[in-house]
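Each chain, letter by letter, is given below.
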Amino acid sequence: MASVGQIIFYSMIVIIFILAGLIVLLLAIGLSGSSGSGLVQSSAQYPVGNLYNSVVLNCKFVAVDSKGNAVSNIAITWAYQGGIVFKYSSKVNQLQNQLAQFKDRASLFPNDIINGNASLMLNKVQMNDQGAYQCTVSTSAGSGDVTVNLRVAAYSAPVFKTSDAMLIATAQTWYPLPTVQWTNFNGTIISTSLNSSANSAGIYKITTVLPSYKQDDNYGLTIQNNLVISVCTVVVTDSGINANNNYQFNGAILLLPYWSLPCLHFPILLHWILS
């Protein structure tokens, strides 16, 4: 006969696998629901738009039929919150019912539609542009759709200057408010100082200071929030400051906190049960 401890132990194992299975199921549903149909796909379903700049919402469709012939009767509709962002059919733009929010800011790539490009160019990105966009394409070969989820941030590369023994970096626009971290040539964190000020729109100007630097040494500056990471390498030489910046974007569909994956905690849980 099993002891109470054994019953609890095996019950917890069952619960762990049930919860893990549910998480996998939710992920599978999320992936399948947003990947698009066989006819219509997007290679970037979670783009990050930079405030007041342009962003491309990717949407591609199969431009040939089962016999390898070019499709005809191409119709493309981009929708947002139930309204029309952009519509194309009969080889012309159909903008009579376009949402006022997107007037003169949305366009397709007309010369590339025949090649299967239904992507949307959105100019002068605003905060209220954030959300789910549906790209629907209909052709002589069939129809399909895909959802592209636009996230909006504000980010800019830092500009460097020196003052006495300090190396100072200033970035004019960031949102949400980021964190910063300076590292030396071997990756050791040497400063996380951050000063910020927000304008009336809530967009931050940030300044960060490396208290002391050595000429000709390489330093790294990382500025990041939950959407964008700016990674910059900088070196001060006799001839000036050399800096190289690149951006990385969070393209995750679903971010799960550590505690939501009980299967990863099995050794800890087992120790707790047996102790």
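Residues numbered from 1 in each chain as written. Predicted model: local features only at pLDDT ≥ 70, side-chain atom pairs only at ≥ 80, totals over all residues. Heavy atoms only, no water.

Points about the sheet that holds strand β10 (residues 131-139)
Thought 1: What the 6 strands build is an open sheet, ordered β2-β11-β10-β5-β6-β7; its pairing is mixed. Since the sheet does not close on itself, it has two edges, and those belong to β2 (48-50) and β7 (92-93), each with one partner.
Thought 2: Across 3 bridges, the pairing between β2 and strand β11 (residues 142-153) is parallel. Residue V48 lies in a different strand from β11, and its bridge partner there is R151. (Pairing = 2+ DSSP bridges. Helix = DSSP H or I, 4+ residues; strand = E, 2+ residues; numbered from the N terminus.)

A short note on the sheet that holds strand β8 (residues 106-107)
Thought 1: With respect to topology, 3 strands assemble into an open sheet ordered β3-β9-β8, the strand pairing being antiparallel. Strands with a single pairing partner mark the edges of an open sheet, and in this sheet they are β3 (55-57) and β8.
Thought 2: In terms of strand pairing, β3 meets strand β9 (residues 120-122) through 3 bridges, oriented antiparallel. The partner of V55 across the bridge, within β9, is L122.

Regarding the pattern of salt bridges
Thought 1: For the structure shown, the criterion picks out 1 salt bridge.
Thought 2: The shortest N-O distance in the salt bridge between R105 and D129 comes to 2.9 Å. One end of the pair, R105, is in the loop between β7 and β8; the other, D129, is in the loop between β9 and β10, and 24 residues separate them in sequence. Note on accessibility: R105 and D129 belong to one class, buried. (Salt bridge = Lys/Arg side-chain N within 4 Å of Asp/Glu carboxyl O. Buried < 20%, exposed > 50% of the residue type's maximum accessible area, 1.4 Å probe, protein only.)

Description of the pairing of strand β13 (residues 166-174)
Looking along a regular strand, one sees side chains alternate from face to face of the sheet.
Thought 1: Summarising the sheet, strand β12 (residues 159-163) and β13 pair through 5 bridges and their orientation is antiparallel. If you follow F160 over to β13, its bridge partner there is A169.
Thought 2: Turn length for the β12-β13 hairpin, with the two strands adjacent in sequence and antiparallel, is 2 residues, and the turn residue D164 shows positive phi of about 55°.
Thought 3: The sheet contact formed by β13 and strand β17 (residues 204-210) spans 6 bridges and is antiparallel. Residue A171 lies in a different strand from β17, and its bridge partner there is I206.

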